[in-house]
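Residue-level structure breakdown
Listed below, chain by chain, are the residues.
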Amino acid sequence: MEPNFRVYVLFEKGKPEQIRYVGYTKWPVEKRLYFHVKSVSYDKTSYKSKWIRSVLKRSNEIETKMLFDGLTESEAKHKEIEVIAEFRSKGYKLTNGTNGGDGLSMPTQETI
């Protein structure tokens, strides 16, 4: 499989030191951000969507930054897990509902 996956983060515009979400995707990160914002119209309960809605309500924007590029899907899943664990250990208030890797296959206690 050709490496075309990337790991990215989301944060409120102007606050890159307050990363709130870590994800992986095969899409350009700007396109993935668009779908995160769009999903808040039907995702009413996830911590991530509540955070995005709160930022948008304050008339601010969500920004994204790519951390790693050119990964295989497997590498991206593993890197996402590593980055989430690292950021949580440093006290970041991530909105991820899982420890990373594969959707809701490993939900956090808070998600459960």
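Our subject is the structure listed above.
Now for a look at the structure at hand. (Residues numbered from 1 in each chain as written. Predicted model: local features only at pLDDT ≥ 70, side-chain atom pairs only at ≥ 80, totals over all residues. Heavy atoms only, no water.)

A closer look at the sheet that holds strand β2 (residues 21-25)
An order of β2-β1-β3 is seen for the three strands of this open sheet, with the pairing classed as antiparallel. Because the sheet does not close on itself, it has two edges, and the strands there are β2 and β3 (62-71). Shown here is a sheet whose adjacent strand axes are inclined to one another by a mean of 25°, direction ignored. For strand β1 (residues 5-12) and β2, the ladder comprises five bridges, and the chain directions are antiparallel. From the neighbouring strand, Tyr-8 faces β2, where its bridge partner is Gly-23. The strands touched by helix α2 (residues 47-57) within the sheet are β1, β2 and β3, with β1 carrying the most contacts at an inclination of about 50°. (Pairing = 2+ DSSP bridges. Helix = DSSP H or I, 4+ residues; strand = E, 2+ residues; numbered from the N terminus. Axes fitted to C-alpha atoms, helices over the stretch in contact; angles between N-to-C directions. Contact = heavy atoms within 4.5 Å.)

Side note on unusual backbone geometry
One non-glycine residue with positive phi stands out, namely Ser-59, at about 60°. Structurally, the position occupied by Ser-59 is in the loop between α2 and β3. Relative accessible area serves as the criterion here: at 70%, Ser-59 is assigned to the exposed category. (Buried < 20%, exposed > 50% of the residue type's maximum accessible area, 1.4 Å probe, protein only.)

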